[in-house]
Every structure is written in structure tokens, then in C-alpha cells.
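Commentary on secondary and tertiary structure
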Amino acid sequence: MLDVKLDAEQIKRFTLLNVNNRLGHDVRDKVMPVWTEMGEATGMCEKLLTSTTSGVRSSEKEERQEKFGRNYVEPPPLTPFWRFCLDALEDPTLQFLIVAAIVSLLVGSIFEAKCLGYLDGIAILVAVWVVVFVGAAQEAGKQVQFRSLTDSASDELVNVVRDGVQTRISNRDVVVGDCVVLSTGDILCADGIIFERNTLKIFEGSLTGESHAIIKGNYEFKEKGHFPVPTDLDLQQMNTPGATPEERAAKYEPTPERTPIVFKGTEVQDGEGRMIVIGVGTNTYENTLLGDKDDDDDDESSGRSIMQRKLDDMTILITKVGAVFGIGIIIILFIRFGILFSEKACCKEEWDHTVHHMQWIKFFIIGITIFVVAVPEGLPLAVTIALAFSVTKMMSDMNMVKTSSACETMGSATTICSDKTGTLTTSMMTVMRTWIAGEQMEPKEVAGKVSEKLREKMMAAMTINTSDKTDIVAKTMKKMVDGKDVEEVVRLEGKVMEAYSGNATECAMIKLVNVLGEFKGEAGDADMPYKRFRKEFPETQPGRSGISFSSKRKRMSTLVPMPEGSEAPWMLFTKGASEMVMTLCTKYMNADGQVVDIDDTLRKNVEDSITAFADLGLRTISIAYKALQESPANSDGALPDEVEADLILIAVVGIEDPLREEVPGAIRVCRQAGITVRMVTGDNLATAKAISRKAGILSEDGERTGSEIAMTGEQFRSRVLTAQDSEHPEKCINQDEFDQIWPKLRVLARSTPTDKLVLVTGIQKSRIQVGGFNRQVVAVTGDGTN
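Attention here is on the structure that accompanies the text. (Residues numbered from 1 in each chain as written. Predicted model: local features only at pLDDT ≥ 70, side-chain atom pairs only at ≥ 80, totals over all residues. Heavy atoms only, no water.)

Comments concerning the side chain of Arg 433
As for its position among the elements, Arg 433 is in strand S11 (residues 430-436). There is a polar contact of 3.0 Å between the side chain of Arg 433 and the side chain of Glu 442. (Helix = DSSP H or I, 4+ residues; strand = E, 2+ residues; numbered from the N terminus. Polar contact = N/O pair within 3.5 Å; in protein donor to acceptor, adjacent residues only side chain to side chain.)

Structure representation (C-alpha cells):
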């Protein structure tokens, strides 16, 4: 009998604590006590009867699956075709048409058989059948498409250690306690902890919206005094009621340098390591978000789309109007008959049953005919065909639509909740501004304004001082050809789309090298300018040495031997946080490539530029070098920190994940259409606000008047939820308090995926009138779990 000391619910609560408390001070106050109580990483392994060296025993697989569940969520059975047909027949318009067809058939067969009057009824029934069949066939086809897509994507082989031996198994066979071996490019198949020595960097953008990779390992906090304290505005977002700005500043800590917990669906951007699985299947954080949510909406028509409800209303209106006119015509005909009969103006002055009863029946037939023809039997077919066409168009644009009605529901949206990273932005860090030779300029302007010597020095500094794992490659996608997965290069308007491989910040650097080298080719080409420096100065070059980056130093340096005829036999290249590198620089290169002393005027020029870049939401990095006559490396090849002194400043660059070109225009169109766009991101508040201003989500007038606000996920949760750290926070919304916030909310920063769920659910349930609507249709955009 497997005697593990932890259960799935305990682990799930610990996972939720980590998601909802990401800033350092919150981790210390709320997460660390639980982590300590569980025995930290070693204690968790002991309680789960596993280790990173031996893993679990293969014989325990069934017992562990029984206790913690399988790493596979069984999809619901496919809906049969007849069920789709019945669902389609629930449409009131089709039901009315069927009734009208039966009436038309009866009247036509009994009274107008010679004139083939029953054909009208048959035509209506055929139209109904076509609508039902086409709609059901389309829904059934898309269901099969999505099922095959998800099934193929959810079954991959992973490396695990079992019985002390590394082996490959299906990710569906992974159990809690398994030791999974991770390497660059892997997609995590379960929730887990990473605590032993490793080089892993996990990109969690699909889960949290963070635009940079997270270093993993035992909890490691940044040292006081070695991180910037945010402005008072940002500090006010901390959930510390009654505290002064000074008290908040003293307590504030940014996100920890390292955290041990990792989540299913995130990606290993760089490095190698081992993970102990703590959550599988329905107990992973991803499944908590993606699992079915109970819909307790009290609207009886909540299962129907916006257009369907409008068509239902129209059908009821047409039914009433048709009935009124049909009855009205019958009454008018009877009145006319009575007048003509009393004045003896009709063909038979004496009552004749054989004649007048048939005349009365014809009056009723005319009324019923008017009632029947009032309903446009072609309307449901037109709608079905239009939706089918919309789905096809979406497919041609590489967008899969699961439900046809989603196409028209998107057209009824009144508010959009959008992720930032990869949705509003390109998810590709890029140098947006540079300071070089005493002047701020756009990257594309540098080549034409500075000397060849300075340009070459800048290109060398940015390439040599980056890892060879960092690369700009052609974007590819998997495509099924003859039953096999084939990598196909993605092109847009005939041009190869580029993708980053490795550290995003370093990719931004080598992308700038391509710009400085005036590269006009395509991503992945062998003649990209930075590759020239990589060939000349490989990482395996004899004599090469370096000082790695750390959160305390906030910089890194690389020493390389230079070829004959160079400025000096050895060159040290340094890059890092501007405020740290600038203190080490005593000279700079001017536009002609000459080395000049940094005076007070120039130092202020640089500092003002750094401040200006920061105000634009850019992350600033300084690039410097130092010419050396001999190698300062120790006997073991290591470089002493003292070598990073009397540096020569080359440039300061401002980096960000830039907006997509089409975003500001699209948001402007949304505003004109009365649609409110809200940004929900995992980034910090300052960056989120800077990006939202550029996009047009947060306006200057709105901020000044208070009609548009930004807040953090922590403050949002504390105000709108009646219970914190709940597994289903969408069920704990204080709707009255929520309705005070959401009409003004434009930016939600430092948020979790559950914050987005709460926001969307609360807006959908709200019944206050905003923008002329007392009910909101919410569209949600994002990637990954978002």
C-alpha cells in the first residue's frame, strides 16, 4: 500500500497560493509558511516517496493514478448527429415554419389539391430540412476536427526517471512523484517543483503574460537595496490597508529571483534540469482554469447566441403581426360578406349552404395563408449559409471556430478583455530607442549618423556578449502531410516570418545588429550580420572568459582575444542595467569613433535619456567595452570583478515588447464603435500603463478625470472577491463592489489567469447600464491558457 503523506487537495491549494501571490513580500507572508510546513522541497519529495535520482517505482503507477488521478482528462463523448439535428429544431423560427408547413399541407391537400396547393407546405418542409441538415453537418464536422486536433496534441513522449533509470513514456502515463527530465524547447506536461541545481528558464507568458523567462529553483529573494522600489502610485496598489507610502516601500519586494513551482503548458526556453511532478490531469492549474465552469446565469435564453435571440424575438413579433393581420382579414371579409348579402349585392341573394359555407372556408384559408406567408422561410437557411461562409473565411485566416454562432457573437461584442504579451504586442523584445554618441535616435537612424568604427564596435559588443544559444530563426509550424508531422516555414505576404530562439533580451540585441548591418535578407539566413561575429569569436575560442549575470551585479562581461591589427590584443565587452554600468564608465565613443572623457554635461545627458526611455516603458541597457593589453583572467580562467572599471560607453538601448503595428488603429476603431478594450496582463503596473497609453486603451483625459483607471490583480481580488485563494473565484464575486470598478477599469496588471476569469464572469453577470447596454457581450483574446 502506497503511504504518501500529501493529497491532491493540499498540493492544489499550495499551487493556487503561488499563482495568486507573486510579489516577494506576498511570497514571504503567505507562501513560505505553507512551504515550510510541507517540509520544503526535500520534505515534499519524502512525503511523495520520490527523489530526483531514482524517481518512483514503475510498480506504483496504478496506485498513484488511483490516489492522484491520471495525467489525462477524458474528453466527453462525441455528440451524435441526431442530437445536433434536435438542437437545430429547438429554434423557434424553425418550429413556427414546421407548424406553418403542416397547416399549409392540410389546407392545400383538402381544399386546393387540384391546384397542387400542398406544394407550398412541402417547399417549407424542404427548406427546414436543409437548414437542419446543413447546420448539424457543419457542427458535427467541426467537432471531429477539434477532437482530432486536441487528441494529437495531447499525446507526446517525455523523459522520466523511474526505478533509477531514465526512460521515455507517454505524457499520459506520468504520475505524481515522477521525475521528469527537461531540456530546451520542452512543453511541461504537468505541474511540478524544481529545486536542485539546474539551468532552467521557463517562459510562462501563456499562463501569466510575463514577457521574460523565469529562473527556477528553490525560493531566492532579491536583496534589499539591489532592486528599484516602484513609485508611490504602484505602491498604493499593494494590499496593505492603512500603511503609509514609506511603510509600503520598506515592505515591498519584487518577484523572487527564483521560484520552484512550474506549471503544465509552459515552455522551457533555455537550460536543462529535473522536475518532480506534483499535479496531473484535473489537478493541474491549467485544468482548473480550462475545466468546465458552472453557469448559474438566471437568463433562460443564456444558451442561445445574440443573433439567435434577436431572431427569436423577430419570429415572435412576426407570429403576432401575422396572426393579427390574418384574423383582421377574416373579420373584414366576413363584414364585407354580411354587407353585400344584406344589400343583396352578391351572386346568391338566398342562403345556400353549398355555396356560402365554402365561401366562409375560403375566408379562413385566405387568413391562414397570410399568417403562413408572413414568415420568411428562407431566413434560417440564409443565416446558416452566412455562418458557414464566415467559418470558412475564418479557417482561411488560420482561425478555427468551434461553434458557428461564435462568428456572429463576435460582431455583438461590447467589451474586449485582451492579454498583452503576444496579442497586443509581438512577443518579440525589440530595441525601440538608442542613445549613442551623445544623441537619442531611432535604431534605423544609427547607421547613417555614426562612423563605421563606432557601428562595428557596437555590433561586436552586442554579439560577442550574448550566448550562442540566442538566435533569430525562420518561424515554422507543424503540418500533417501523409500522416506525418512536417515543419513548414511560415510566410506572410511572401516574406519569411522571424522567430526568437533563446533569451528574448539578447535576441533584441542581435536583431539590432542586423539593423546596424543593414541586413535585407530573410530570417535564418546564414549571412545575417551577427553570425559573422559569431564565426570570428566562437564561444570555444581559446582564452575567452566571462563574468555571468546575477541579480546583484545586474551586468555581464565577456573577454575575448582580438585578431592582429586590432585596437588592443584583448577586449572586454560589458552590458547590463544602465544605472550599474554607467557608474563604471569614465569615457565614451563619439560619432567619429574617438574615445572621449565623460564630463558632467554628458553624464547628465545620458541620465536624462535613461529617464526618458523609462518613462516610455522601455527597459534600458548600457553597452560598454574596455581595451586591454593582456588578459586579466586568473589561472583557472575566471575573471575578477575588478576588471569591470574605467569602461568606455558605446550606447544605451531601450528595449520593449512592441505593439503590433495594427493595434492602435484597431483600438481606435473599437472606441468609435462603442466597444471598450481592457488589457489584462501579468506585467508590472508601470509597463502595462505605458503600453496601454501607446495602444490607446488608457487615454490622458480618462486618467485625469478618473473615468479610466488601472490597478493590480492583488488590489482587484481584495476588493471584488468575498473569499481569497478559492479554487473557483468566479463564484465568490461581490457583484455590488464589482459594478463600482469594472466600468472604469482599463488595465489590470500583475494579474493571474483567474483574475481574467473573474473579470469576464463579473462583467457578464452585471446588469448596470454602461454605454447604452444593460448587458455586456464580452470577447476575450489571448494565447495559451489565456
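Next comes the rest of the write-up.
Remarks on the nonpolar core
If you look at the biggest cluster of nonpolar residues, it comprises 51 residues, and the most contacted ones within it are Leu 182, Tyr 219 and Met 275. If you list the elements that add at least two residues to this core, you get helix H1 (8-20), helix H2 (24-37), helix H3 (40-47), strand S1 (157-162), strand S3 (179-182), strand S7 (261-262), strand S9 (273-279) and helix H11 (285-290). Top contributing element to this core by residue count: H1, with 6 residues. In this structure Leu 182 touches Leu 188, Ile 194, Leu 200, Val 268, Gly 271, Glu 272, Gly 273 and Met 275, once residues within four positions along its chain are discounted. If you look at the next biggest cluster of nonpolar residues, it comprises 41 residues, including Phe 533, Val 560, Phe 573 and Met 589. (Core = buried A, V, L, I, M, F, W, Y, C linked by side-chain atoms within 4.5 Å. Buried < 20%, exposed > 50% of the residue type's maximum accessible area, 1.4 Å probe, protein only. Contact = heavy atoms within 4.5 Å.)

Focus: the sheet that holds strand S8 (residues 267-270)
With antiparallel pairing, the 3 strands of this open sheet are ordered in space as S6-S5-S8. With partners counted over all chains shown, the strands left at the sheet margins are strand S6 (214-215) and S8, one partner each. Strand direction decides the pairing type here: strand S5 (residues 201-203) and S6, joined by 2 bridges, are antiparallel. Bridge pairing in S6 places Ile 202 opposite Ile 214. (Pairing = 2+ DSSP bridges.)

Notes on helix H28 (residues 753-765)
The end-to-end C-alpha separation of H28 is 19 Å, in line with the 18 Å expected for 13 residues at 1.5 Å each. Burial within H28 is extensive, with 11 of its 13 residues counted as buried. Of all the residues in H28, the buried ones are Pro 753, Thr 754, Asp 755, Lys 756, Leu 757, Val 758, Leu 759, Val 760, Thr 761, Gly 762 and Ile 763. (Expected span 1.5 Å × (residues − 1).)

Topic: the environment of Glu 518
Within the element layout of this structure, Glu 518 appears in the loop between helix H19 (504-516) and helix H20 (529-536). Taking the C-alpha atoms as reference points, Glu 518 and Lys 444, 74 residues apart in sequence, are found 8.6 Å from one another.

Some remarks on the sheet that holds strand S26 (residues 676-680)
What the 5 strands build is an open sheet, ordered S27-S28-S26-S10-S29; its pairing is parallel. Where the open sheet ends on each side, the last strands, each with one partner, are strand S27 (709-712) and strand S29 (778-781). When the angles between neighbouring strand axes are averaged without regard to direction, this sheet yields 20°. As paired elements, S27 and strand S28 (residues 745-749) share 4 bridges and run parallel to each other. Following the sheet pairing, Met 711 is matched in S28 by Leu 748. (Axes fitted to C-alpha atoms, helices over the stretch in contact; angles between N-to-C directions.)

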